[in-house]
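Commentary on secondary and tertiary structure
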Amino acid sequence: MELDKIEDNRLKLGKANQIVFAETLERLAANDKAIVVVTSDSRGSGKLVPFGEKYPQQIVEVGIAEQNLVGVSAGLASAGKKTFAVSPACFLSARALEQIKNDVAYSNNPVVLVGISAGVSYGALGTTHHSLHDFAALRAINNITIIAPADNFETEQVVLNAVNFGSPLYIRLGKKNMPSLNEENKNFEIGKGRIVKEGNDLTIIATGETVYPAWLAAQKLEDQDGLRAKVVSMHTIKPLDIRLLDELGEEGKPILTVEEHMVHGGLGEACASYLLQNGFNNPFSLIGIPDEYTVTGSQLEIFNHYGISGEGIYAKCKKMLLPTQ
Amino acid sequence: MIMTDKELKLKSVILRRNLLKYIYKAKAGHTGGSLSCIDILNVLYNSVLNVDPKDFGNPNRDRYIQSKGHCVEALFATLADRGFFPESDLETLCAYRSHYIGHPTKKVHGVEQNTGALGHGLPICVGEAIAAKLDNKSHRIFTLLGDGELPEGSNWEAFLAASHYKLDNLYAILDNNKQQITGANNEVMNTDSIREKLESFGWAVKEVDGHNVAELQDVLDNGPFETGKPNFIIAHTVKGKGVSYMEGVLKWHHGVPSEEQYAMAQQELREAEALI
Ligand SMILES: Cc1ncc(C[n+]2csc(CCOP(=O)(O)OP(=O)(O)O)c2C)c(N)n1
Ligand SMILES: [Mg+2]
């Protein structure tokens, strides 16, 4: 699987989600002077250099100081600025966790925290630069919405929604070019999973940049085995779309979750917990990064190593559907 | 193992050539900041630090913890040259399953701590330095900070603690190349008057030309500057030093040279070597 190339010519390759984020915000900032971006020597990786040049009055630079980034953002938001704090997801969600918990979430200052180059996007820069903990850390904090858009369409929608969201929000973005998934389905609502492929033999619930390999797996199941997998982009990790989980639970078909996150505390465990507590006993499996010293390599190599690939997800689906084979 | 001035100068050129080779091969790396700190690393490992690749576990060894972990290519080049591991290992830099990744990790022989998130090296050094004092040991603890790294609050917490505990066995070296990713330090977040700031925090401060190996050796190996005070060395450096088209040019923070640029850089360094 190549994330930068298109594996399947039914899909069209788009831009990196973090570029779409920056472009959308730039567009909005033209007519909304309350929008302020806060960066920590991160405007280059956040693709916000043009934003800074166009709107120097709407960007605040704090230097390499992520705790200050979030604290300052809380103050700006409290004073009525529509504040986007943009920094690599690894530092934003670990270094500044207490500022997120107290100054943003607990004090209810509506900062939009934008974690860029998330998950293992930074590849061979290693564990210091990976954010495999952010869903878990932030899920354990009250009053923050967590979103990981899958493709350019979802990213644009998240940014449009974020500007006037009015309460704490975390958006997790990657830097790989992403294909658009299911261009016909223009339904986007925060808190509602988006179906990117229909099917009724099993369901793959994925999030962020892993929705694409989930789609590839589903397509292969259809092409090679005549099996139909439903693929859900569960862009909102919190609050979870429990209506959709109720429906999937009722269907009783196997459910596989996929995420670019440690297996602890992320999308998979959130889904499993809801399903179990509500009496559903669908066959259930979870793909993520295991609790071990993360293998080294590029994002793609790490994905392939842990089966977060079209092939890996396909193999797992086959096992769930045909356990004896 | 003390090197002569001439030997150190030659070594600096060789290390520059080597680190560029690894970056070029891996198609990744922090070029500018590795070139700005390589003379410091050269002097540390070849004439200051009491460390031995064959006895690295010795509790009395001097410690070097690189806080500006992104310049790992400078560290790897120096460690390989000092015989901590075969140079050929670096052919796997950033490759799948290699322990030679884009930041220092303890999986590599000779690396003290896993760094890469900025603002972590100094607090760890404070702990090492307190432990050495508690155990009545005389080894020294060194760290290398980036100037863009200074705004991290953890550094200032550690500046206080180091002076509070009178850690004159601690040496913090600032790679003062005046740039970070976005631009000049004093445009991104002003840290001017760093000498006065540190002195007011109770540190003894010296300034050196961070590319002058004799000066570096003199300052780094003859501490403490004042009994009972932690040592701060402002090393005035140039980002990209040694490759003229990279010097002071922002994009070389993590720029990787093209084939032609790589050849030019190696040529310039060969010429520099011939003049020593
Ligand atoms: C906590 C943290 N925030 C951000 C980064 C990303 N980052 C890596 S290098 C760098 C710039 C560092 O500038 P400086 O300290 O001056 O290093 P040098 O110029 O010596 O390369 C940044 C922002 C990081 N590694 N760690
Ligand atoms: Mg610098």
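In this text the structure is predicted, and so the values were computed from the model without any measurement.

This next bit is on the overall build of chain B. Looking only at helices and strands, chain B features nine helices and five strands. Starting at the N terminus and walking to the C terminus, you meet the elements of chain B as α-α-β-α-α-β-α-β-α-α-β-α-β-α. If one aligns the C-alpha atoms of chain B with their principal axes, the spans along those axes are about 50 × 45 × 40 Å. In chain B, which comprises 276 residues, the share counted as buried stands at 58%. As presented, chain B carries roughly 10900 Å² of accessible surface, and 51% of it is formed by carbon and sulfur atoms.

Attention now goes to the sheet that holds strand 4 (residues 204-209) of chain B. Residue and element names in this part refer to chain B. In space, the five strands of this open sheet follow the order 1-2-3-5-4, with parallel pairing throughout. Both edges of this open sheet fall to strand 1 (63-66) and strand 4, since each of them pairs with a single strand only. Shown here is a sheet whose adjacent strand axes are inclined to one another by a mean of 20°, direction ignored. Pairing of strand 3 (residues 170-176) with strand 5 (residues 231-236), which is carried by six bridges, proceeds in the parallel orientation. The residue of strand 5 that forms the bridge with Ile173 is Ile233. Against the sheet, helix 4 (residues 121-134) makes contact with strand 1, strand 2 (141-146) and strand 3, and its axis sits at roughly 170° relative to strand 2, the strand it touches most.

With that settled, consider the UniProt feature "domain: Transketolase-like pyrimidine-binding" (unreviewed entry) in chain A. Sites flagged by UniProt as "domain: Transketolase-like pyrimidine-binding" (unreviewed entry) map to residues 15-180 of chain A. Span residues 15-180 of chain A is 40% helix and 20% strand, its end C-alpha atoms 9 Å apart.

Soluble, globular proteins show a tendency: their nonpolar side chains are buried together. Formed by 60 residues in total, the largest nonpolar core has its most connected members in B:Leu44 and B:Tyr45. The residues touching B:Tyr45, leaving out its near neighbours within four places in the chain, are B:Val51, B:Tyr64, B:Leu75, B:Thr78, B:Leu79, B:Arg82, B:Phe84 and B:Gly110. Within the second largest apolar cluster, 41 residues are counted, among which are A:Leu76, A:Ala77, A:Leu138 and A:Leu248.

Turning our attention to the UniProt feature "domain: Transketolase N-terminal" (unreviewed entry) in chain B. Sequence positions flagged by UniProt for "domain: Transketolase N-terminal" (unreviewed entry) are, in local numbering, residues 21-260 of chain B. Secondary structure across residues 21-260 of chain B divides into 34% helix and 12% strand, with the first and last C-alpha atoms of the span separated by 13 Å.

Residues and elements named next belong to chain B. Evaluation of the coordinates by the stated rule reveals zero disulfides over all chains. Note on Cys71: no disulfide assigned, nearest cysteine sulfur contributed by Cys37 at a separation of 5.0 Å. With a relative accessible area of 0%, Cys71 lands in the buried category.

Moving on to the sheet that holds strand 6 (residues 145-147) of chain A. All names here are of chain A. Reading across from one edge, 3-2-4-5-7-6-12 is the order of the seven strands in this open sheet, with mixed pairing throughout. Of all strands in the sheet, those with a lone pairing partner are strand 3 (59-61) and strand 12 (236-238), marking the two edges. Looking at each pair of strands side by side, their axes are set apart by 20° on average, direction ignored. Relative to strand 5 (residues 112-116), strand 4 (residues 82-88) runs parallel, the two sharing five bridges. When the sheet's bridge partners are listed, Val86 is paired in strand 5 with Val114. Taken strand by strand, helix 7 (residues 152-162) contacts strand 4, strand 5, strand 6 and strand 7 (169-172), and its axis lies near 160° from that of strand 7.

Looking now at the site of ligand 1. Around ligand 1, a shell composed of 24 residues is seen, among which A:Glu66, B:Lys68, B:His70, B:Asp147 and B:Lys239 lie nearest. Within the side chain of B:His70, an N or O atom sits 2.7 Å from an oxygen atom of ligand 1. B:Gly116 has a polar backbone atom sitting 2.8 Å from a nitrogen atom of ligand 1. Contact with the protein chains removes 96% of the 590 Å² of surface that ligand 1 exposes when unbound. A class-by-class count of the residues in the shell around ligand 1 yields five nonpolar, ten polar and nine charged.

Once that is clear, we can look at the side chain of A:Ser121. All names here are of chain A. Along the chain, Ser121 turns up in the loop between strand 5 and helix 6 (134-139). Take Ser121: its relative accessible area is 9%, and that puts it in the buried class. A polar side-chain atom of Ser121 sits 2.6 Å from the main-chain carbonyl oxygen of Ala118.

Definitions and limits used
Residues numbered from 1 in each chain as written. Chains lettered and ligands numbered in written order. Predicted model: local features only at pLDDT ≥ 70, side-chain atom pairs only at ≥ 80, totals over all residues. Heavy atoms only, no water. Helix = DSSP H or I, 4+ residues; strand = E, 2+ residues; numbered from the N terminus. Buried < 20%, exposed > 50% of the residue type's maximum accessible area, 1.4 Å probe, protein only. Areas by Shrake-Rupley, 256 points an atom, 1.4 Å probe, with all protein chains shown as cover. Pairing = 2+ DSSP bridges. Axes fitted to C-alpha atoms, helices over the stretch in contact; angles between N-to-C directions. Contact = heavy atoms within 4.5 Å. UniProt positions renumbered as here; feature names shortened; annotations may be inferred. Core = buried A, V, L, I, M, F, W, Y, C linked by side-chain atoms within 4.5 Å. Disulfide = S-S within 2.5 Å. Near = heavy atom within 4 Å. Polar contact = N/O pair within 3.5 Å; in protein donor to acceptor, adjacent residues only side chain to side chain. Nonpolar A, V, L, I, M, F, W, Y, C, P; charged D, E, K, R; others polar.

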